[in-house]
Amino acid sequence: MESQRNPQIQKVFRTLHLPPATPHDLRRHNCINMRMTTAGGNLKWEFREPTGREIAFRVAGQTTFSNSMLVLGAAIDGIGLGYVPYDLAKPDIEMGQLVEVLSEWSLECEGPYLYYPSRRLHSPAFAALVEAMRYHLPVS
């Protein structure tokens, strides 16, 4: 699978602060959270330090959503910094609506992954989705 990043993104215009230079600078920014019940609350933002050590922590912000599309939309609207899959933000970054910040701290990961029960009968549509993901996604 192709490596993917979860970039931290912010609106190009209407930003009141300088972009964060390190993940620790996020304390001075309004961050857009994503609630993940499977993660025990808000999603932790993950980074890789220049030394290679991985760090993860929850950020503070006034807005919380339950899916990446809403986080992306809020970042486009200038509400704050968002943390979404790179492929989701890429078109808006390329169009100049968003700018990636902390890219040198981005944690690259393989993906996407699909978790599902293996011992259940699946609908033909679900089986087609699994096959499409297995054989038609780019492999690095």
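Caption draft 1: Just the nonpolar core, in detail. Ranked by size, the top nonpolar core spans eleven residues in total: Leu-26, Cys-31, Trp-45, Phe-47, Ile-55, Val-59, Leu-81, Tyr-83, Val-101, Leu-102 and Trp-105. One finds Met-34, Ile-76, Val-84 and Leu-98 within the second-largest nonpolar core, a separate group that totals ten residues.

Caption draft 2: Local environment of the sheet that holds strand β4 (residues 41–42). Taking strand neighbours across the sheet as the criterion, the three strands line up as β4-β3-β7 in an open arrangement whose pairing is mixed. On the outer flanks of this sheet lie β4 and β7 (63–65), each paired with one strand and no other. Sheet topology places strand β3 (residues 32–36) next to β4; two bridges connect them, and they run antiparallel. Paired with Arg-35 across the two strands is Asn-42, which belongs to β4. The sheet strands contacting helix α1 (residues 68–76) are β3 and β7, and the helix crosses β3 at an angle near 170°.

Caption draft 3: Highlighting the packing of α1 against helix α2 (residues 86–94). At a closest axis distance of 10 Å, the pairing of α1 and α2 adopts a crossing angle of 25°. Put simply, α1 runs roughly parallel to α2. Like other packed secondary-structure pairs, α1 and α2 cross with a definite hand, here right-handed. Contact residues: Ser-68, Met-69, Leu-72 and Ile-76 in α1; Leu-88, Ala-89 and Asp-92 in α2. Its residues assigned to classes, the contact of α1 with α2 shows five nonpolar, one polar and one charged.

About the cut-offs
- Residues numbered from 1 in each chain as written.
- Predicted model: local features only at pLDDT ≥ 70, side-chain atom pairs only at ≥ 80, totals over all residues.
- Heavy atoms only, no water.
- Core = buried A, V, L, I, M, F, W, Y, C linked by side-chain atoms within 4.5 Å.
- Buried < 20%, exposed > 50% of the residue type's maximum accessible area, 1.4 Å probe, protein only.
- Pairing = 2+ DSSP bridges.
- Helix = DSSP H or I, 4+ residues; strand = E, 2+ residues; numbered from the N terminus.
- Contact = heavy atoms within 4.5 Å.
- Axes fitted to C-alpha atoms, helices over the stretch in contact; angles between N-to-C directions.
- Parallel < 35°, antiparallel > 145°, perpendicular 65-115°, else oblique.
- Left-handed = near helix turned anticlockwise from the far one by under 90°.
- Nonpolar A, V, L, I, M, F, W, Y, C, P; charged D, E, K, R; others polar.

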